[in-house]
Amino acid sequence: MCLAIPARVVDCDAATPDTVKVEVAGVRRRVHVGLLDPLAVGDWVLVHVGFAISRLDEAEAARTLQFLATLGATFEQELDDMRRDSE
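Residues numbered from 1 in each chain as written. Predicted model: local features only at pLDDT ≥ 70, side-chain atom pairs only at ≥ 80, totals over all residues. Heavy atoms only, no water.

(A) Seen up close, the overall build of the protein. Along the backbone of the protein there are one helix and five strands. Start at the N end of the protein and walk to the C end: the helices and strands fall as β-β-β-β-β-α. Radius of gyration (C-alpha) of the protein: 16 Å, far over the 12 Å computed for a compact globule of 87 residues. Seen along its three principal axes, the alpha-carbon backbone of the protein occupies a region of about 55 × 25 × 20 Å. Looking at the protein as a whole, 23% of its 87 residues qualify as buried. Sequence-distant contacts in the protein: of pairs separated by 6 or more residues, those separated by 24 or more amount to 33%. Carbon and sulfur atoms make up 58% of the accessible area of the protein, which totals about 6100 Å². In the protein, the 9 positive side-chain charges and the 15 negative ones have mean positions that sit 5 Å from each other. (Helix = DSSP H or I, 4+ residues; strand = E, 2+ residues; numbered from the N terminus. Rg over C-alpha atoms; globule rule 2.2 N^0.38 Å. Buried < 20%, exposed > 50% of the residue type's maximum accessible area, 1.4 Å probe, protein only. Contact = heavy atoms within 4.5 Å. Areas by Shrake-Rupley, 256 points an atom, 1.4 Å probe, with all protein chains shown as cover. Lys, Arg positive; Asp, Glu negative; His and termini not counted. Charge placed at Lys NZ, Arg CZ, Asp CG, Glu CD.)

Rendered as structure tokens:
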């Protein structure tokens, strides 16, 4: 299974046109953008293993991030339940 995470473009450096800096949950890193048309600060992209693989709008990014947060909370609750049941 593959997972792509929505990220907001926070910096575009003309000196490195094949990469941009993105932010996800306060973490910033450079990703390769050679698969996409030029991006601008504020654009949203889906990032998979260091590559921006598609654009998405802010509303879709927000829905996806909320869904991922819900998955994480559900997973943590299931782990807690399993720990409690094994005692």
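(B) Structural view of the pairing of strand E3 (residues 27-32). When strand E2 (residues 19-24) meets E3, the two strands line up antiparallel, connected through six bridges. Within E3, the position partnered with Glu23 by the bridge is Arg28. (Pairing = 2+ DSSP bridges.)

(C) Main features of the pairing of E2. The pairing of strand E1 (residues 5-12) with E2 spans four bridges and is classified as antiparallel. Bridge pairing links Asp11 to Lys21 in E2. Between E1 and E2, which pair antiparallel and follow one another directly, the connecting turn spans six residues.

(D) Examining the pattern of salt bridges more closely. Taken as a whole, this structure holds seven salt bridges when the rule is applied. For Arg55, the salt bridge is made with Asp43, and the minimal N-O distance between the two is 3.2 Å. Residue Arg55 is found in strand E5 (residues 51-56), and its partner Asp43 is found in the loop between E3 and strand E4 (44-48); the two are separated by twelve residues along the sequence. Given a relative accessible area of 23%, Asp43 falls into the partly exposed group. Across the pair Arg63 and Glu60 runs a salt bridge whose closest N-O atoms are separated by 2.5 Å. Here Arg63 pairs with Glu60, and both are found in helix H1 (residues 58-85), just three residues apart, close to one helical turn. Each of Arg8, Glu23 and Arg28 takes part in a single network of salt bridges with overlapping partners. (Salt bridge = Lys/Arg side-chain N within 4 Å of Asp/Glu carboxyl O.)

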